[in-house]
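Residues per chain, in single letters:
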Amino acid sequence: QVQLVESGGGLVQPGGSLRLSCAASGSIFSINVMGWYRQAPEKQRELVATITSGGSTNYADSVKGRFTISRDNAKNTVYLQMNSPKPEDTAVYFCKADIRSRWSSRYLEVWGQGTLVTVSS
């Protein structure tokens, strides 16, 4: 059994900062790409940022220059540093990872349960 658990969400003022964390646990053999996605009310889920096991990153245009994704491979954890957030960044943020368990030769897509981020003064 492999799972992802997000933390760090909450209320943040516009122009402030917030860091989200997502830790993978269970019988993990390896983790490939890890990423953050978000879903605002009445909108589709969208990509925020991804990072490979080697550290290559990809960002949505809307967060470039403001958000930074990073990971600690030893801790099986991915982070999202949110600087200068805007009200339009308000959403439920989900972590996703492609994980190979110790009992499988395949990578499976695993999602976290989500954490709410509200940007408001």
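A few words on the environment of V33. Inspection of the secondary structure assignment puts V33 in strand β4 (residues 28-39). A sequence separation of 19 residues divides V33 from P14, and the C-alpha atoms of the two residues are 29 Å apart. In this structure V33 touches T50, I51, T52, R71, K96, A97 and D98, once residues within four positions along its chain are discounted.

Under the definition given, this model contains 2 aromatic pairs. Among the aromatic residues, those joined into a ring-pair cluster are Y37, F94 and W111. For R45, the ring lying beneath its charged end belongs to W111, and the centroid distance is 4.7 Å.

Another point: the sheet that holds strand β3 (residues 17-26). Whenever strands of a sheet pair, they do so through backbone hydrogen bonds, lying parallel or antiparallel. Reading across from one edge, β1-β3-β8-β7 is the order of the 4 strands in this open sheet, with antiparallel pairing throughout. With one partner strand each, in any of the chains shown, β1 (2-7) and β7 (67-72) form the two edges of the open sheet. The sheet shows a mean angle of 15 degrees between the axes of neighbouring strands, taken without regard to direction.

This brings us to the nonpolar core. In this structure, W36, L80, Y93 and I99 are the most contacted members of the largest nonpolar core, which totals 30 residues. Broken down by element, the residue count for this core peaks at 5 residues, all from strand β9 (residues 91-101).

Applying the stated criterion across every chain, the model contains 1 disulfide. Sulfur-sulfur distance for the disulfide between C22 and C95 comes to 2.1 Å. Taking the torsion about the sulfur-sulfur bond, which here is approximately -80 degrees, the covalent link between C22 and C95 counts as left-handed. Of this pair, C22 sits in strand β3 while C95 sits in strand β9, and the two are 73 residues apart along the sequence. The exposure class assigned to C22 is buried, which follows from its relative accessible area of 0%.

As a further point, take the side chain of E6. With respect to the secondary-structure elements, E6 resides in strand β1. Despite being buried, E6 has no salt bridge partner; R45 is the closest side chain of opposite charge, sitting 7.7 Å away. Engagement of the side chain of E6 in a polar contact is seen with the backbone nitrogen of C95, the distance being 2.8 Å. In terms of polar contacts, E6 uses its side chain to reach the backbone amide nitrogen of Q113, at 3.0 Å. Aside from chain neighbours lying at most four places away, what touches E6 is S21, C22, W36, Y93, F94, C95, G112, Q113, G114 and T115.

Working definition: two side chains of opposite charge can pair if their charged atoms are close together. Scanning the entire structure with this criterion turns up 6 salt bridges. For the salt bridge of K96 with D98, the shortest nitrogen-to-oxygen distance reads 3.7 Å. Considered together, K96 and D98 belong to a single accessibility category, that of buried residues. Of the charged contacts in the structure, one is a salt bridge between K96 and E109, with a shortest N-O distance of 3.4 Å. One end of the pair, K96, is in strand β9; the other, E109, is in strand β10 (residues 107-111), with 13 residues separating them in the sequence. Note on E109: relative accessible area 52%, which makes it exposed. Connected through shared salt-bridge partners, R38, E46, R66 and D89 make up one network.

Cut-off values and rules
- Every chain is numbered on its own, with residues counted from 1 as its sequence reads.
- Selection of residues for local features in this predicted model requires a pLDDT of at least 70, selection of side-chain atom pairs for listing and counting requires 80 or more, and totals for whole chains, interfaces and linings are taken over all residues.
- As a rule here, side-chain values cover all heavy atoms of the structure and leave hydrogens and water aside.
- Labels follow the DSSP assignment, with helices taken as runs of H or I lasting at least four residues and strands as runs of E lasting at least two, numbered in each case from the N terminus.
- Contact criterion: two residues are considered in contact whenever any of their non-hydrogen atoms come within 4.5 Å of each other.
- Stacked, tilted and edge-to-face pairs are distinguished by plane angle, under 30 degrees for stacked and over 60 for edge-to-face with tilted covering the rest, among Phe, Tyr and Trp rings (Trp via its six-membered ring) whose centres lie within 6.5 Å.
- Lysine and arginine charges are scored as sitting over a ring when NZ or CZ, respectively, is within 6 Å of the ring centre and within 35 degrees of the ring normal.
- At least two bridges found by DSSP between two strands are what make those strands a pair.
- Inter-axis angles, ranging from 0 to 180 degrees, are taken between N-to-C directions of lines fitted to C-alpha atoms, where helices are fitted over the stretch in contact.
- Think of a nonpolar core as a cluster: buried Ala, Val, Leu, Ile, Met, Phe, Trp, Tyr and Cys residues, connected wherever their side-chain atoms sit within 4.5 Å.
- Each residue gets one of three labels from its accessible area relative to the maximum for its type: buried under 20%, exposed over 50%, partly exposed in between, using a 1.4 Å probe on protein chains only.
- Cysteine sulfur atoms that pair up within 2.5 Å are treated as a disulfide.
- Positive charge is attributed to Lys and Arg, negative charge to Asp and Glu, and no charge count is given to His or to the chain ends.
- Salt bridges are defined as contacts in which a side-chain nitrogen from Lys or Arg sits within 4 Å of a carboxyl oxygen from Asp or Glu.
- Side-chain atoms alone can form a polar contact between residues adjacent in sequence; in general such a contact is a pair of N or O atoms within 3.5 Å, and within protein one must be able to donate a hydrogen while the other accepts it.

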